Every structure is written in structure tokens, then in C-alpha cells.
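Take a look at the letters that make up each chain.
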Amino acid sequence: MKSIFAISIAVLLFSCKANSDRQPQQDEITVVSYYFPNYHSGDPRNDLRKGEGWTEWELIKAARPRFEGHRQPKTPAWGYTDEKDPAVMAQKIDAAADHGIDVFLFDWYMYEDGPFLNRCIDDGFLKAPNTGRLRFALMWANHDWTELFPYKRGTPREVIYPAKVSPERYDEICDRLIADYFTRPNYWTIDGKPYFSIYDVQKFVENFGSTEATREAMNRLRQKAVAAGLKGVHWNLVAWGRPVLPVEHPPANTAELIRLLGFDSATSYVWVHHASLDETQTDYNRVRDAYFAHWERVKTDYGVPYYPNVTMGWDPSPRCHPDDEWGNWGYPFTNTIANNTPENFKTALQMTKDRLLADPNGPRILNINCWNEWTEGSYLEPDTEFKYGFLEAVKRVLR
């Protein structure tokens, strides 16, 4: 019995490793989906501030239409599940893998005094019995955390969890990244290097005080990874021009920062970082075209591979206090993306795929916003209106 068990574990680990290191064919695109982990109970910070057992599902349950034709509330077809439960995460993994998603790219929160929202990954994803079906990676969501759950208009923008970490804490974080994540057999790698993304480059540089100190800090993580038997680290930058969150301040010259800091690639998180929403319900295809114009500019300006984004939608109204009048007054009171049907999403995916494949020497990676940004109106998970429509679009176009 012991030998059979050992063989089974070895086969599982080999399968995960093969999945992690497998290189796509020339016409095969790696499909990455961002994952926002605020839908599980038992996070100590949430319990302390919001009450025991609170999750962001509470905002979804309280959502309501704010203007004529507003499609709220959204109702998850799977119910208001707890993502830290391995069985719940197993359902997500199977649905993602069955519909052409290769990687979950988790928004990862780590502060001076410890982690936040980590139980989704540590207790849910990594302990799911089928975790090897998907690769995963981390995007350090290194922005100040403010109260948005919900936001009462006119309330001071209090920073609850500051993004800044000390040099000593940064080194501890590097060690944790390598020990707990990078060395996992199904951690996503590019050219054998674990992919690690930074959300806010301005905050990142401010944290270390200069571009020189920031570059040195990035190299320390690379050196630690090599010492652990890895090939280094693939540093990715989430680039954006239009701020969305109230604490965001875009850099003056993203291309120069990419060069000075030594990032290996760049990408985007959501279309509204690059396209204005001029109407209460701005048409999906208009926003898509504005983003495509941005992509065309930066794919050469940045000087590194650029991985394009396909956004499913945008509607952060569930994060607005339900007693407030609605208006376009600044996040989360913003205009929305409308007409974001599975068919229009499918068209955007096809256009993105065609553009990627038209460049014989270009990257073969795209990311999607988002697996589960329910309170920002951008999710692939099935709801009661479109069912599996958005996941089926991914499958039809990319698999």
C-alpha cells in the first residue's frame, strides 16, 4: 500500500511539473485569468473590520439597479460559495480548465504586518484535489487598501492597510514567495522562470526610494530564486494610464521605468485603465477599440513583450453604498461598460487572438479580467443570466 501511495504522489507531482513547464506551440495561446480573492470567510482583517464571516458576497446580495437599464443585481449560478473550501475551488478549477483557461493569476496582498486574503490560495486552491489541472501565479496588488465595501460618498479616503514595506520585510516576503509558491510544481513559469507581477509601479518605486534601489531589490529576488534552484524570476509590470482606484497615480513614463527597473514583460489589468467611459452605459465595443489602439502603441514603445488584456465588463456599483444617489463621481461611482454580452466578448477574444498570431515573433499570452470580479462587473464564473456563456466563448475561440 505504501509503495502504491508513493507512486501515485510521484505521478501527480510529475503531472503538475509537466503542466507548469510545458511550452505552447507556435499557434497556441496561453490563457491567463486574474482572480480576486475576497470571497472567503475567516480572513482575520475582514472579520475584525466587517464582522465574523463577512465576504464580498454581501455587496453582491445588496446590489440594486442605479439607473434605467442597469443590469443589477448579479446572481452567481453556483451560489455564494466560500473559495477557501478545497471542494469549492475544485469546481472552479475544473470549469476553468475545461473551458480553456491555463492559469489563475491571483491578486496577492502582502503588507508589513502580514498577508491579506491569502486563504483563498493557501487553503482553497493549493489544497484542492485537482490543483494540478491549472497553473497559477501571483500579481502583487501593492496598492494602499481603502474602505470600499461599500463606500459612502463623501467619506474620507482612509488608508487602512498601507502598501509600504520595510527592506527587512521585503526580504522576508521574497523568501516566502520562493518557499510557498515559486517552487510549487504548478506555478506558472516563462522560460523556466516563475512569473511575478507588480500592480502599481509608482508605489513599488516609492517603497524603495529610488529606481536604483528598486532594481536592486528586484535582483535580490532573482538571486534568491537562483539559489533555490530556479532559473530566476520573470518580473511583469501591470501598466496603466488612467487611474481607477482613488489611491492610484499613473507614472509619467512607463516605458522608461520598464527599462530602468529591468522588467521582463508588461501587461494590463482592465480596459478602463486605458479607455474613457464617456456615457453611463458605454458600449463594450467602443471600449474594446480604444484599448486596441492603446495596445498598438505600447507593444513597441515598451521594449518588452506586451501581453494583451480582454475585459469582460465593468460595473463597480455594488461597492457604492446602497443609500447613496448614483453618479459618475469617482470610483466606485463610475460609468459602466454595457452590451458586454458573451457574443461581444467572444469577438474581442477572436480579435485579440488574430492580432497575436499575426505577429510571428510576438508573444502567445493573453490575460482576461476577470475570473470573479463580481463587484466590478467583470467575471467569467457563470451567473443566472448568461450561465456559462462567457466561459464557452473562451473555449470556442481559444481551444
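Reading the values: the criteria
Residues numbered from 1 in each chain as written. Predicted model: local features only at pLDDT ≥ 70, side-chain atom pairs only at ≥ 80, totals over all residues. Heavy atoms only, no water. Axes fitted to C-alpha atoms, helices over the stretch in contact; angles between N-to-C directions. Helix = DSSP H or I, 4+ residues; strand = E, 2+ residues; numbered from the N terminus. Left-handed = near helix turned anticlockwise from the far one by under 90°. Contact = heavy atoms within 4.5 Å. Nonpolar A, V, L, I, M, F, W, Y, C, P; charged D, E, K, R; others polar. Salt bridge = Lys/Arg side-chain N within 4 Å of Asp/Glu carboxyl O. Buried < 20%, exposed > 50% of the residue type's maximum accessible area, 1.4 Å probe, protein only. Core = buried A, V, L, I, M, F, W, Y, C linked by side-chain atoms within 4.5 Å. pLDDT = per-residue confidence, 0-100. Parallel < 35°, antiparallel > 145°, perpendicular 65-115°, else oblique. Pairing = 2+ DSSP bridges.

Asks: Any chance you could explain the packing of helix α6 (residues 167–182) against helix α8 (residues 211–227) here in plain terms?
Replies: The description of two packed helices rests on the angle between their axes and on the distance between the axes. The contact between α6 and α8 brings their axes to 10 Å, and the two run at 35 degrees. Crossing of α6 against α8: the hand is right-handed. Residues Pro167, Tyr170, Asp171, Cys174, Asp175, Leu177, Ile178 and Phe182 of α6 pack against Ala217, Met218, Arg220, Leu221, Lys224 and Ala225 of α8. For the contact of α6 with α8, the class distribution of residues is ten nonpolar, no polar and four charged.

Asks: Would you mind showing me how to read the pattern of salt bridges here?
Replies: When the charged atoms of two side chains with opposite charge come close together, those side chains can pair. Inspection of the entire model under this criterion finds 28 salt bridges. Note that glutamate 296 and arginine 355 form a salt bridge whose closest N and O atoms lie 3.4 Å from each other. In this pair, glutamate 296 sits in helix α10 (residues 284–301) while arginine 355 sits in helix α11 (residues 342–358), placing the two residues 59 residues apart along the sequence. For glutamate 296, a relative accessible area of 40% gives the class partly exposed. Overall, arginine 355 belongs to the partly exposed group, its relative accessible area being 33%. One network of salt bridges, with partners in common, ties together Arg49, Lys50 and Glu147.

Asks: Any chance you could explain the nonpolar core here in plain terms?
Replies: The nonpolar side chains of a soluble globular protein tend to be buried with one another. Membership of the largest hydrophobic core comes to 127 residues, with the highest contact counts inside it found for Phe196 and Phe345. Per-element accounting of this core gives the leading share, eight residues, to strand β2 (residues 103–111). In contact with phenylalanine 196, not counting residues within four places along its chain, are Trp108, Leu138, Trp140, Leu177, Phe182, Tyr187, Leu221, Val233, His234, Trp235 and Asn236.

Asks: Would you take a moment to explain the confidence of the model for the protein chain for this structure?
Replies: The predicted coordinates of low-pLDDT regions are not to be read in fine detail. Mean pLDDT for the protein chain: 93, with 93% of residues reaching 70 or above. Note on residues 1–24: pLDDT under 50 across the span, and 20 contacts to partners over four residues away in sequence or across chains.

Asks: What should I look at first to understand the packing of α8 against helix α9 (residues 254–261) in this one?
Replies: The interhelical angle for the contact between α8 and α9, taken along N-to-C directions, is 55 degrees, at an axis separation of 9 Å. Looking at the two axes, α8 sits oblique to α9. Here Thr211, Thr214, Arg215 and Met218 of α8 come into contact with α9, specifically with Leu257, Arg259, Leu260 and Leu261. Split into classes, the residues belonging to the contact of α8 with α9 amount to four nonpolar, two polar and two charged.

Asks: Teacher, can you tell me more about the pairing of strand β8 (residues 193–198) here?
Replies: Each regular strand shows side chains that alternate between the opposite faces of the sheet. In terms of residue burial, β8 counts as a mostly covered element, since five of its six residues are buried. In this structure, strand β4 (residues 135–140) lies alongside β8, joined through three bridges in parallel fashion. Directly across from tryptophan 140, in β8, lies its bridge partner isoleucine 198. Counting the residues in the hairpin turn of strand β7 (residues 189–190) and β8 gives two residues, including aspartate 191, whose phi is positive at 55 degrees. Two elements, β8 and strand β9 (residues 234–238), share four bridges in a ladder whose sense is parallel. Paired with phenylalanine 196 across the two strands is tryptophan 235, which belongs to β9.

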